[in-house]
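So you can see what is in the structure, the chains are spelled out below.
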Amino acid sequence: MAPLVRRGHAVVLHDRAIPGSRANLDHLVFTAAGALYVDTKNWTSDKSQLTVQVGTLRYGRYDQSRALRTVVWEAEQAASALGVAVRPVVAVHGAKIPAPRGRLELQGVTVVEAKRLRGLLRSLPPQPGWDAARMVTVGQLADRTLPPAS
């Protein structure tokens, strides 16, 4: 994401606390496409693969529905704090996403291979009103209302 930030195409905050919760937000990203919450997953086991069975994401034999619901909840908490819609995204390190272009949509969450995250961010259509000034303004609001987690 650093190249997008350097070019002024994104504002990014890392590891933010959700007030009143032990949960944290891995990455908040503000672009011309709006606000996104990116949760990272390190699924690198040689023995386990990502699969989709009847609309359910599985890592090895483990159903990831709860993890996806948690990401949606975290994005909702960010949206509530910021007063803007926040799109939930899971960026997966290690495992290959079993879908074209290394991304899929499940349970309201975009799941993407981490190495393809920048491409996803660049490919999202711009949203009305999300210019550079708004990215900075909402990023500053996030910085004030969602403190660093550590």
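Residues numbered from 1 in each chain as written. Predicted model: local features only at pLDDT ≥ 70, side-chain atom pairs only at ≥ 80, totals over all residues. Heavy atoms only, no water.

### Re unusual backbone geometry
Put simply, the rule reads: Strands are runs of DSSP state E lasting at least two residues, helices are runs of H or I lasting at least four, and both sets are numbered from the N terminus onward. Remark: exposure states derive from per-residue accessible area (1.4 Å probe, protein chains only) relative to the maximum for the residue type, with buried under 20%, exposed over 50%, and partly exposed in between.
For Arg 101, which is not glycine, the phi dihedral falls at a positive 60°. When you line up the elements, Arg 101 lands in the loop between strand E7 (86-94) and strand E8 (103-106). Of note in this structure, Gln 107 is not a glycine but carries a positive phi near 50°. Structurally, Gln 107 can be placed in the loop between E8 and strand E9 (109-113). Overall, Gln 107 belongs to the partly exposed group, its relative accessible area being 36%.

### Overview of helix H2 (residues 65-82)
Counted only if it meets this: In this analysis, the expected span of each helix is defined as 1.5 Å times one less than the number of residues it contains.
For H2, which comprises 18 residues, the first-to-last C-alpha distance of 26 Å matches the rise-based estimate of 26 Å (1.5 Å per residue) to within 8%. Looking at H2, one finds that the buried residues are Ser 65, Leu 68, Val 71, Glu 74, Ala 75, Ala 78, Ala 79 and Leu 82. One or two steps after H2, the chain reaches Gly 83, where phi turns positive at roughly 75°.

### Concerning the nonpolar core
Which entries qualify depends on this criterion: As used in this record, nonpolar core signifies buried Ala, Val, Leu, Ile, Met, Phe, Trp, Tyr and Cys residues forming a set joined through side-chain atoms within 4.5 Å. When checking whether two residues touch, look at their non-hydrogen atoms; a contact exists if any pair is within 4.5 Å.
The biggest cluster of nonpolar side chains holds 33 residues, and the ones touching the most others in it are Leu 28, Phe 30, Leu 50, Val 86, Val 92 and Val 111. Every element with two or more residues in this core is listed here: strand E2 (24-31), strand E3 (34-43), strand E5 (56-59), H2, E7, E8, E9 and helix H4 (132-145). No other element matches H2, which puts six residues into this core. When residues no more than four places from it in sequence are discounted, the contact partners of Leu 50 are Trp 43, Leu 57, Arg 58, Tyr 59, Val 92, Ala 95, Lys 96, Ile 97 and Pro 98. Counting residues in each nonpolar core, the second largest holds 15 residues, with Val 29, Ala 33, Ala 91 and Leu 120 among its members.

### Some thoughts on the sheet that holds strand E6 (residues 62-63)
Note the threshold: Strand pairing is assigned whenever DSSP identifies at least 2 bridges connecting the two strands.
Spatially, the three strands line up as an open sheet ordered E4-E5-E6, and their pairing is antiparallel. Here the strands that pair on one side only, and so sit at the sheet edges, are strand E4 (50-53) and E6. Relative to E6, E5 is paired through two bridges, and the arrangement is antiparallel. Paired with Tyr 59 across the strands is Tyr 62, a residue of E6.

### Here we look at the environment of Gly 55
With respect to the secondary-structure elements, Gly 55 resides in the loop between E4 and E5. For Gly 55, a relative accessible area of 40% translates into the label partly exposed. Along the primary structure Gly 55 and Leu 25 are separated by 30 residues, whereas in three dimensions their C-alpha atoms are 25 Å apart. With residues near it in sequence (within four places) discarded, Gly 55 still touches Leu 106 and Gln 107.

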